[in-house]
Amino acid sequence: MDITERYAFDQYVLRQKFFKLFGASFHIFDPQGNVVLFSKQKAFKIKEDIRVYTDESLETEALVIRTQSIFDIAGTYDVFDPIANETVGAVKRKGLKSLLKDEWLILDAQGNEIGKVVEDSTLKAIVRRVVEAATLIIPSAYHVEIGGQTAAVFKQDFNPFLRKFNLDFTHDTTDQLDPRLGIAAAILLCAIEGDGN
């Protein structure tokens with residue numbers, strides 16, 4: 001499958017398996033259930049550097065998501081496409097504001113804010129943070145807004161053994177959201193926010 005085809009779907013399923021000793025792995029499936037992207041995150045990393053590959057062979061890098069800072073609560077994660085040899089943009093965590101309810105900014109390649117990713121509701125977010133078991137019965141949901149309009153919705157499915165998100169880009173009727181940025185944002189939500197939800 002050509003790399004551009006991997007970003008051409010309106011819907012994806014992101015599945016994360018998490019093993020505390022070995023880190024997490026992320027499979028991204030197309031609507032037919034085929035793996036279109038794969039990532040493996042190492043455990044105990046001081047500086048985040050997530051590599052996304054075309055498949056589990058880890059031969060072809062499709063995206064690089066990394067931050068230059070260490071332990072930065074409001075870290076900015078650059079998204080780079082090594083195949084196109086270009087910076088796609090960045091996703092920036094809104095620091096202290098994300099302690100109660102996850103919120104991330106979406107930046108273009110020049111660092112300009114073009115949108116944001118917002119957790120579904122403050123009340124549900126607080127309950128998920130305070131009551132550990134609540135994450136099993138109150139799955140997370142996020143809205144991606146570009147120019148004040150919903151461009152994508154990420155909804156978590158209930159599963160006690162792995163995190164599974166349905167990524168829906170059908171709302172982006174004007175193609176304002178680069179799918180590479182949207183997928184990177186979804187991976188970061190699982191990788192960075194996953195321990196807190």
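Right, let's walk through the structure included here. (Residues numbered from 1 in each chain as written. Predicted model: local features only at pLDDT ≥ 70, side-chain atom pairs only at ≥ 80, totals over all residues. Heavy atoms only, no water.)

**Observations concerning the environment of Arg66**
And then number 1: Checked against the element boundaries, Arg66 lands in strand β5 (residues 61–66).
And then number 2: Taking the relative accessible area as the measure of exposure, Arg66 reaches 30% and is therefore partly exposed.
And then number 3: Residues Arg66 and Asp49, spaced 17 residues apart in sequence, show a C-alpha to C-alpha distance of 4.3 Å.
And then number 4: With residues up to four places along the chain from it excluded, the contact list for Arg66 reads Glu48, Asp49, Arg51, Thr76, Tyr77 and Asp78. (Helix = DSSP H or I, 4+ residues; strand = E, 2+ residues; numbered from the N terminus. Buried < 20%, exposed > 50% of the residue type's maximum accessible area, 1.4 Å probe, protein only. Contact = heavy atoms within 4.5 Å.)

**A word on the pairing of strand β11 (residues 149–157)**
And then number 1: Bridge analysis of strand β10 (residues 141–146) against β11 gives six bridges, and the strand direction is antiparallel. Paired with Ala141 across the two strands is Lys155, which belongs to β11.
And then number 2: Counting the residues between successive antiparallel strands, the hairpin from β10 to β11 contains two residues, one of them, Gly147, with a positive phi of roughly 60 degrees. (Pairing = 2+ DSSP bridges.)

**Observations concerning the side chain of Gln16**
And then number 1: Its place among the elements puts Gln16 in strand β1 (residues 11–19).
And then number 2: In this structure Gln16 touches Ala24, Ser25, Phe26, Leu162, Arg163 and Cys190, once residues within four positions along its chain are discounted.

**Remarks on helix α4 (residues 179–191)**
Structural remark: α-helix, 3.6 residues per turn; residues separated by three or four positions point the same way.
And then number 1: When the terminal C-alpha atoms of α4 are compared, their 18 Å separation across 13 residues agrees well with the 18 Å that a helix rising 1.5 Å per residue should span.
And then number 2: Along α4, the residues that are buried comprise Arg180, Leu181, Gly182, Ile183, Ala184, Ala185, Ala186, Ile187, Leu188, Leu189, Cys190 and Ala191. (Expected span 1.5 Å × (residues − 1).)

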